[in-house]
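# An overview of the molecular structure
If you want the building blocks of each chain, they are given just below.
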Amino acid sequence: MELLKEIEKRRSIRAFEDGDISDEEVQALIDAARFAPSWANTQCWEFIAVKDAEGKKKLAEALPPKNPARNAVECAPLDIIVCGKKGISGAKKGEYVTELGEWLLFDCGIATQNICLQAYSMGLGSVIVGYFDSGKVREAMGVPPELEVVCLIPIGKPKKVPDAPKRKEIDEILHREKF
Ligand SMILES: Cc1cc2nc3c(=O)[nH]c(=O)nc-3n(C[C@H](O)[C@H](O)[C@H](O)COP(=O)(O)O)c2cc1C
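Report follows, based on the coordinates. Residue positions within a chain follow its written sequence, with the count starting from 1. Local features in this predicted model are restricted to residues whose pLDDT is 70 or higher, and side-chain atom pairs enter the listing and the counts only when it is 80 or higher, whereas totals over whole chains, interfaces and linings include all residues. The side-chain numbers reported here are obtained from all heavy atoms of the structure, hydrogens and water having been left aside.

### Description of the pairing of strand β6 (residues 147-156)
In this scheme, a residue with accessible area under 20% of its type's maximum is buried, one over 50% is exposed, and one in between is partly exposed, where area comes from a 1.4 Å probe on protein chains only. Note on conventions: DSSP H or I runs of at least 4 residues are helices, E runs of at least 2 residues are strands, and numbering of each starts at the N terminus. The buried fraction of β6 is high, at nine of 10 residues. Only strands that DSSP links by at least two bridges are regarded as paired with each other. As paired elements, strand β2 (residues 78-85) and β6 share eight bridges and run antiparallel to each other. Each bridged residue has a counterpart across the sheet, and for I80 the counterpart in β6 is I153.

### A look at unusual backbone geometry
Although it is not a glycine, A40 adopts a positive phi angle of roughly 45°. For K93, which is not a glycine, the phi torsion comes out positive at approximately 50°. Assignment of secondary structure puts K93 in the loop between β3 (91-92) and β4 (95-96). Here K93 falls in the exposed class, since its relative accessible area comes to 87%.

### Some thoughts on the site of the ligand
Around the ligand there are 14 residues in total, and R11, S12, R14, N67 and R167 lie nearest to it. Between the ligand and R10, the relevant distance is 3.1 Å, taken from an oxygen atom to a side-chain nitrogen or oxygen of the residue. S12 is positioned such that a nitrogen or oxygen atom in its side chain is 2.6 Å from an oxygen atom of the ligand. Bound to the protein, the ligand loses 64% of the 620 Å² it would expose on its own. Gly is placed with the polar residues, together with every amino acid not listed as nonpolar (Ala, Val, Leu, Ile, Met, Phe, Trp, Tyr, Cys and Pro) or charged (Asp, Glu, Lys and Arg). Of the residues that constitute the shell around the ligand, the class distribution is seven nonpolar, three polar and four charged. The rule for a residue being near a molecule or strand is that one of its heavy atoms must lie within 4 Å of it. In protein, a polar contact means a hydrogen-donor-capable atom and an acceptor-capable atom, both N or O and within 3.5 Å, with residues adjacent in sequence counting only if both atoms are side-chain atoms; elsewhere, any N or O pair within 3.5 Å suffices. For accessible areas, the Shrake-Rupley method is used with a probe of radius 1.4 Å. Any residue's cover is judged against the shown protein chains and nothing else.

### Quick word on helix α2 (residues 23-34)
To estimate how far a helix should extend, the number of its residues minus one is multiplied by 1.5 Å. Compared with an ideal rise of 1.5 Å per residue, which puts 12 residues at 16 Å, α2 spans 16 Å between its outermost C-alpha atoms and is within 8% of the ideal. All buried positions along α2 are accounted for by V26, L29, A32 and A33. Looking down the long axis of α2, one finds its buried residues gathered within 120° of arc, a one-sided arrangement. Facing away from the buried side of α2 by more than 90 degrees, the exposed set consists of D23, E24 and Q27. Arc, as used here, means the arc of the directions from the helix axis to the C-beta atoms.

### Overview of the pattern of salt bridges
Salt bridges are defined as contacts in which a side-chain nitrogen from Lys or Arg sits within 4 Å of a carboxyl oxygen from Asp or Glu. Applying the stated criterion across every chain yields a total of six salt bridges. Put simply, D31 and R34 hold a salt bridge, and the shortest N to O gap is 2.5 Å. On the criterion of helical spacing, the pair formed by D31 and R34 is a turn pair, its members being three residues apart in helix α2. On the basis of relative accessible area, D31 is assigned to the partly exposed category, the value being 34%. By relative accessible area, which is 46% here, R34 ends up partly exposed. The closest approach of N and O atoms between E61 and K57, which form a salt bridge, is 3.2 Å.

### Observations regarding the sheet that holds β2
Across the sheet, which stays open at both edges, the four strands sit in the order β1-β2-β6-β5 with antiparallel pairing between neighbours. Single-partner strands in this sheet number two, and they are β1 (45-50) and β5 (125-126). The contact definition used throughout considers only heavy atoms, calling two residues in contact when any of these lie within 4.5 Å. Throughout, an axis means a line fitted to C-alpha atoms (over the contacting stretch in the case of helices), and angles, computed between N-to-C directions, take values from 0 to 180 degrees. Strand contacts of α2: β1, β2 and β6, with the helix running at about 165° to β1, the strand carrying the most contacts.

### Things to note about the packing of aromatic side chains
Between the rings of Phe, Tyr and Trp (Trp by its six-membered ring), a pair exists once the centres lie within 6.5 Å; its type follows the angle of the planes, with under 30 degrees stacked, over 60 edge-to-face, and the other angles tilted. Counted under the stated rule, the structure contains two aromatic pairs. With 5.7 Å between their ring centres and 35° between their planes, W39 and W103 make a pair best called tilted. In this pair, W39 is assigned in the loop between α2 and β1 and W103 in the loop between β4 and α5 (104-121), connecting sequence segments 64 residues apart. The class for W39 is partly exposed, based on a relative accessible area of 22%. A centroid spacing of 5.0 Å and a plane angle of 70° characterise the contact between W103 and F106, whose relative ring orientation is edge-to-face. Clustering of aromatic rings is evident, with ring pairs tying together W39, W103 and F106.

Right, here's the structure in full:
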């Protein structure tokens, strides 16, 4: 497998076939996440795997009606919720040490992409969902206050694979030697 080709081919999938995702598949997805790099190896992430229809419906209700992934959250065989423990990523002895402060989103983002790429390599589609009411997800899923709800990832066999949205060209984003 040439990694760049696979990275290029992965798409956000918002329509899924019916069917189950096995516990072994869930384990493989979380295995990919836990091998992601993180700030000083703090691994601030925790995950919730939701297969139950009632749980998925509650999650979907946390998305604004116009979010194109709302149906995906409700109908995917599996939703993974990515959470991050606050106050440790980017910090030393309880103080953030860079101007950017908390690095929780960054670390959880890398873990999230690992999940999506692992899903893709298993023939599964996924979409990262960041536009939702985190308070509703927190309440529905019992997420404790010391964790941030970062994103949702509906996962399943793709029903429809959309065309690739256009990317910026390398020359638009790469500055050689100096900005
Ligand atoms: C942080 C983040 C949040 C996103 N939130 C949503 C979302 O709420 N709803 C949605 O339909 N897609 C969401 N997406 C998916 C993007 O729209 C998608 O990745 C982008 O259009 C590029 O398409 P591609 O993933 O097929 O290459 C999100 C992606 C990221 C990285």
